[in-house]
Structures are given as C-alpha cells and as structure tokens.
Amino acid sequence: MTARTTRAGSRLAPYLFVLPALVLFAAFRLYPIGWSFVLSLFHTEGMEQSWTGLGNYQRLVHDPLFWKALGNTLEILVIQVPVMLAIALGLAVALNSALLRWKPLFRLGFFLPVVTGLVTYGLLMGALLNPDSGAVNWLLHVLGLPEVHWLTDPFWAKVSVMLALTWHYTGYNAVIYLARLQGIPDEHYEAAAVDGAGAWRRFWHITLPGLRPALLLTVVLSTIGTLQLFDEPFIMTGGGPDNATTTIGVYLYQTGFRYFDFGYASAIGYAMVLIISVFGLIQTRLAKEED
Amino acid sequence: MARTGPAFRASTRGQVLLTGFMLALLALTVAPLYWLVMASTHSSHEIFTRPPKLLPGSDLGANLSHLQSSVGFGRVVFNSIALAVCYTLLGGVVCTLAGYGFAKYSFRGRGFLFSVLLLALVVPTQLTIVPLFKMMVDLGWLNTYQAVLLPNLALPFGIFLMRQSMKSLPDELLQAGRIDGCGELSLFFRIALPTMRPALAALAMFLFLFQWNDFLWPLVVLRDPSSYTIPVALATLTGSSDVDYGQLLTGTAVSAVPMAVLFLFLQKHFVSGMLAGAVKA
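A quick note: this is a predicted structure, and the numbers were derived from the prediction, not measured.

Caption draft 1: Representation of the overall build of chain B in the model. Each helix and strand in chain B was counted, giving 14 helices and zero strands. Counted from the first residue to the last, chain B has its helices and strands arranged as α-α-α-α-α-α-α-α-α-α-α-α-α-α. Taken over the C-alpha atoms alone, chain B extends approximately 75 × 70 × 30 Å along its principal axes. For chain B, the proportion of contacts with a sequence separation of at least 24, taken over those separated by at least 6, is 72%. A total of about 13000 Å² of accessible surface is found on chain B, and carbon and sulfur atoms cover 68% of it. Taken as two groups, the 18 positive and 11 negative side-chain charges of chain B have centres that lie 14 Å from each other.

Here it is in structure tokens:
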C-alpha cells in the first residue's frame, strides 16, 4: 500500500461513516420537509390536486378551528409548563438535599412515569379520570369533595390533559436539574452560610443561577414539545369535548388523515414550524439579554 | 463545615419532615402504575367498583384471551418486540457510525451537516408524516416493517448522544493506531467501539424505548391489524363506544410493565444517556 492511497482512503473515511445517516436523513426527513411545502401550495380533495398558491394559508387565517387549536395549545403551554417546571425544581432540590433519606428509591420512583409510553399513560389517565367510575372521582368523593366531569367537560378535559402531562414529564425535568445541582460546589453554600445567608437566599443566589443553563434547556424543550402536542389529547379525549383539547398537532392529524386534505394539513404544519421558530428565537434571545 | 449539636438535632427533624413529604409525593406518582397492574387482573365490571380494587384478582388470563381474540394480541406483541429489536440494532449502527464520524474527523461540510441534523429537531414530525405516508404508498410499503423503521433510523438524538461520548476518546490513541498501520474501519471497531460501551448501552435503551412507545408514525403506516404494534392496537380498542377496560388495561400493563422493570435494572444507563443528550444548550 502506498502513502498516496492511504491518504485518499482516510480522506474518504469520514464521509463513509456519516453516509448512511445522511442518506436516510435526506430521503426520509429533508425530502418530505420540502415536499410538504409544495403540498401546502395545492388544494387537495380526494385524488384531485389543484394549484392554489397561498390559498391554504389564507384559509388558515380565517379558520376559527385553527385559532381555537392554537389557543388551546398556548393555554397548555403557559399554564402546564411553568407549573411542571416549578414542581421539577422543587423535586430536584429535595433530591439533592442532605436531609433526604433513601435517595435512590426516590430517583427511581419519580423517573418511572418517564419510561411509560404516551399511549400507555394516556389510556391509564383516561381510566383513572373516568367521570362515572374512575378512582380519582372516588377519592374526591371519600374526601367529601364534589366529583368532577374530568374528560367530558371542556374545562376539566383540558385540566385532565395537563395533569397527565405533568405526571409524565416532571421526573424527566427533575433529573436534568438534579444533575446540574450536583455540579454546584458545596463550598458556595458553606461560604454563604458562613456569611449568614438563610436557606431562601442561598436558593435564590446560588441554586437558581447555577441552574440557569438547565432551566433554559428545559423551557426550550418543553415549549417545543408542547407546541407539537398530539398523543395525549388524541388518546385521552380525541380532541373533544367541543374541541376543547384540539391542539395544532391533533388538528393537523385530523385534517390530513380523517379528511385527507393533505394540502391544508401541510399548511397547518408550516404554520406550526413558524410558531415554534418564533418561540425558540424569543427564548434564546431573552436568555442572551439576561447575560 | 462541621455540624454542631443543635443544628444537627434540627436537621433530624427536617429529615423526617422532608422524607415523609417526599414519600407522599412518591406514592402519588407511583399509584397510577400500581393501580394499572392491579386492574389488569380484574374483569371489566370489577375494575370500576368502589372502592377501587387494590389487590390482585383472578382475571388476568381471561383478559389476555379477550385481547387475543379481539386484536390478535400475540401477533401484536411479537410485532412490537421484533420492531424494537430491529430498530435498536439498525439504528444503533447508523447513529454510532455517524456519531463517530462527526466526533473524530474534521472534513468539509461537517459543521453544516451537523447543524442541519440538529435543526430537524425543531421541525415537528407531524409536518412530514403526510409526504412520508405518500412515499410509503408509492413504494408499496404500507404494513411493512421497513416503513416503520427506515424514516427514524438516523435519529438526531442518537447521533448527538454518540458524538458526545466519542469526543472524550483521545485522538492520540487513534493516531497511534494509524501509525501501526491500522485501517480506519478497524480503528473504529478495535479502538473506538470498546470505549463506547456505556454510551452504547444508553443508546440501545433509548432506541428500544422510542420504538416500543412510538405511536403516531406506526398508526399512520400500519393499516392491517396483523401488522399493528401494541400502542396502535390499544388505540383501536378505545375507538368502540363500549370499551372493555379489562382487556384494554391488561394490554396497557403489558406495554408498560416490561419497560418499567427494564428501567429498574438499567436506570444508571437511562439517566446518563438522557443527560448526555441534554447537556449541550
């Protein structure tokens, strides 16, 4: 083997390593992303396709159901995400505390819901929240509280979806925080304690700043996840009652696969990309400005 | 630094309070899963009696046989296992090779290609399912394993995870191998791969879990009940107005319990993998 062929070989090598991934990625991800944009410019009805330009997007602007779906999605975003992250933060601080016994048990238990699949826990929550005979209403009854029409009342259906999301994802976020907390040196806390800072001030001035990167990460991930929300409402309520839990993801799916209006479904998808990008930009911009 | 007497006494009281509070929260978290396992052993009308059944019943077998007759559950479980195993193996190869390539070589277009991969994380999967579905129809691949597997093999999360773990491998080690006349491929197999063991374990678990729990894409491309996976089959059960919760919850338990057990034994890898994927930003 000459020096020349060795060099040529190693110049080619990196491309061969990444080639399978890139080919698959281009064929099954990039190509459909482009195709769906083209689709969004066509009106589809059954097998018929006709050019409509921005027609689907114009229809979107005047579609009350789209705005309702967007509103539902944003409601879940601004209510469920902060509540979940606050609970996760509390859990992480507790899990990191010297006062807590049996830590491995807690780490295991709180992470367990993360492993259960979306359909699994959607069905499980649906059964527990069953208004007529679910265990949650029985519990409310025993406590002397009024029973609730969990999945059948528009307001409570939304609450049900939020409860399920919180149950499923809190542990995931707590683990991210916990890893970061364990990286904050004990000396910082000891120095602050020596200076007379109480628990609350230590949390505010050491814990929170130390967690900043992790907080930003979880906010961005949860925002993207919530804006794409589909499985939970689809399984638990099918988007009902009265479209109260129809998210953009559910609306996109129904448009594409129940009414087979692929052109309009693609326009909804691109609207979603636009909204997610705007949120992503705002969040990273805010994070930078704070620095 | 040292804890003084009074502070220590205060902290034992704090210990009891905090641990007690966390135990209550833990019970709340785990209760739904416990109830699920118990419910799977009861018949439909027993499940919703008051108070809820908190002890095992004797209907697990009956529920399973109802599942078998209504959705062909044996076949469905087989599909789920086969798909998850294939996906773990094939996806593992694709992601590991790419992660290694991105971490250990500098080549033209590397930065650009990698950021395109990451950018795709922001594009919702729902956007691509319509064209992907049409592709599968055109290829005649509906109801096939390859239709389920191929679109997600190059999983950006997996590639990212492997790239992160490969970065800690010293370049000198690879350079020394090259000087000894080792080819690029055998460098990968003999030097890089053995050091990647923990990351490979994490990757394998994530890929398995991802495929086992995936719902939307299999729901779209699997149209024939004999090709269904567990989540898809369970979702069809809820479609009827008169849901048989006995079989539904038994199927749900079959889907959840093996993963929970797997997690209990391998949680170290799960958590380390999750963090390796998350530390970036």
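Caption draft 2: Highlighting the interface of chain B and chain A. Counting from both sides, the interface comprises 88 residues of chain B and, opposite them, 85 residues of chain A. When chain B packs against chain A, close to 7800 Å² is buried across both sides, 81% of that on carbon and sulfur atoms. At the junction of chain B and chain A, the tally comes to zero salt bridges. Scanning the region where chain B abuts chain A turns up nine residue pairs in polar contact (both at pLDDT 80 or more). In terms of residues, the side of chain B that touches chain A owes the most to one element, helix H1 (residues 5–39) of chain B, which gives 16 residues.

Caption draft 3: Here's a closer look at the packing of aromatic side chains. For the coordinates displayed, the defined rule picks out 34 aromatic pairs over all chains. For the ring pair Phe66(A) and Trp67(A), a centre distance of 5.5 Å and an interplane angle of 70° mean the geometry is edge-to-face. For the pair Phe234(A) and Tyr253(A), a centre-to-centre distance of 5.1 Å together with 70° between the ring planes defines the contact as edge-to-face. Here the residue Phe234(A) occupies a position in helix H10 (residues 231–236), and Tyr253(A) occupies one in helix H11 (residues 248–257), the gap between them amounting to 19 residues. Members of the aromatic cluster, each reached through a chain of ring pairs, are Phe230(A), Phe234(A), Tyr253(A), Phe257(A), Phe260(A), Phe262(A), Phe133(B) and Phe215(B). The side chain of Arg59(A) reaches across the aromatic face of Tyr264(A), ending 3.6 Å from its centre.

Caption draft 4: Structural detail: helix H6 (residues 125–139) of chain B. All names here are of chain B. The end-to-end C-alpha distance of H6 is 20 Å, a good match for the 21 Å that 15 residues give at a rise of 1.5 Å each. Its axis deflected by about 30° at Pro131, H6 carries its strongest bend there. Judged by how many residues are buried, H6 sits mostly within the fold: eleven of 15 residues are covered. When H6 is considered as a whole, its buried residues turn out to be Gln126, Leu127, Thr128, Ile129, Val130, Pro131, Leu132, Phe133, Lys134, Met135 and Met136. Just beyond H6, the residue with positive phi is Gly140, at close to 70°.

Caption draft 5: Representation of the pattern of salt bridges within the structure. Residues and elements named next belong to chain A. What the rule picks out here adds up to four salt bridges over all chains. Taking the shortest distance from any N to any O, the salt bridge between Asp261 and Arg59 comes out at 3.0 Å. One end of the pair, Asp261, is in the loop between H11 and helix H12 (262–290); the other, Arg59, is in helix H2 (residues 55–61), with 202 residues separating them in the sequence.

Caption draft 6: Here's a closer look at the state of the cysteines. Residue and element names in this part refer to chain B. Enumeration over the complete set of coordinates arrives at zero disulfides over all chains. Summary of cysteine pairing: Cys86 is not part of a disulfide, and the nearest cysteine sulfur, belonging to Cys95, is at 15 Å. When its relative accessible area of 31% is taken as the criterion, Cys86 is described as partly exposed.

Caption draft 7: The environment of Tyr87(B), seen in detail. Residue and element names in this part refer to chain B. Mapping Tyr87 onto the fold places it in helix H4 (residues 73–104). Overall, the relative accessible area of 0% leaves Tyr87 in the buried class. If we skip the residues at most four places from it in the chain, Tyr87 touches Gly92, Leu149, Asn152, Leu153, Leu155, Leu207, Phe210 and Gln211. In terms of polar contacts, Tyr87 uses its side chain to reach the backbone carbonyl oxygen of Asn152, at 2.8 Å.

Caption draft 8: View of the UniProt feature "transmembrane region" (unreviewed entry) in chain A. Residues and elements named next belong to chain A. Within this numbering scheme, the UniProt entry marks residues 12–31, 76–96, 108–129, 155–179, 211–230 and 262–282 as carrying the feature "transmembrane region" (unreviewed entry). Secondary structure content for residues 155–179 is 100% helix and 0% strand, while the C-alpha to C-alpha distance between its ends is 36 Å. Taken end to end, residues 262–282 has its terminal C-alpha atoms 30 Å apart, with 100% of it in helix and 0% in strand.

Caption draft 9: Structural detail: the nonpolar core. Membership of the largest hydrophobic core comes to 168 residues, with the highest contact counts inside it found for Tyr253(A), Trp35(B), Tyr100(B) and Ile159(B). Take this core: its biggest share by element is 14 residues, from helix H3 (residues 64–96) of chain A. Discounting residues that sit within four places of it in the chain, Tyr253(A) has contacts with Phe230(A), Phe234(A), Arg258(A), Ile129(B), Leu216(B), Leu219(B) and Val220(B).

Caption draft 10: Fine view of the confidence of the model for chain B. Residue and element names in this part refer to chain B. Predicted confidence across chain B gives a mean pLDDT of 86, with 93% of residues reaching 70 or more. The spread of mean pLDDT over the elements of chain B runs between helix H14 (residues 245–278), the lowest at 81, and H4, the highest at 95. Note on residues 1–5: pLDDT is under 50 here. Beyond four places in sequence and across chains, it has three contacts. Overall fold confidence (pTM) sits at 0.87, and the ipTM for the predicted complex is 0.85.

How each quantity is defined
Residues numbered from 1 in each chain as written. Chains lettered and ligands numbered in written order. Predicted model: local features only at pLDDT ≥ 70, side-chain atom pairs only at ≥ 80, totals over all residues. Heavy atoms only, no water. Helix = DSSP H or I, 4+ residues; strand = E, 2+ residues; numbered from the N terminus. Contact = heavy atoms within 4.5 Å. Areas by Shrake-Rupley, 256 points an atom, 1.4 Å probe, with all protein chains shown as cover. Lys, Arg positive; Asp, Glu negative; His and termini not counted. Charge placed at Lys NZ, Arg CZ, Asp CG, Glu CD. Buried area = accessible area lost by both parts, 1.4 Å probe. Salt bridge = Lys/Arg side-chain N within 4 Å of Asp/Glu carboxyl O. Polar contact = N/O pair within 3.5 Å; in protein donor to acceptor, adjacent residues only side chain to side chain. Phe/Tyr/Trp six-rings, centres within 6.5 Å; stacked < 30°, edge-to-face > 60°. Lys NZ or Arg CZ within 6 Å of the ring centre and 35° of its normal. Expected span 1.5 Å × (residues − 1). Bend = angle between axes of the 7 residues up to and from the residue. Buried < 20%, exposed > 50% of the residue type's maximum accessible area, 1.4 Å probe, protein only. Disulfide = S-S within 2.5 Å. UniProt positions renumbered as here; feature names shortened; annotations may be inferred. Core = buried A, V, L, I, M, F, W, Y, C linked by side-chain atoms within 4.5 Å. pLDDT = per-residue confidence, 0-100.

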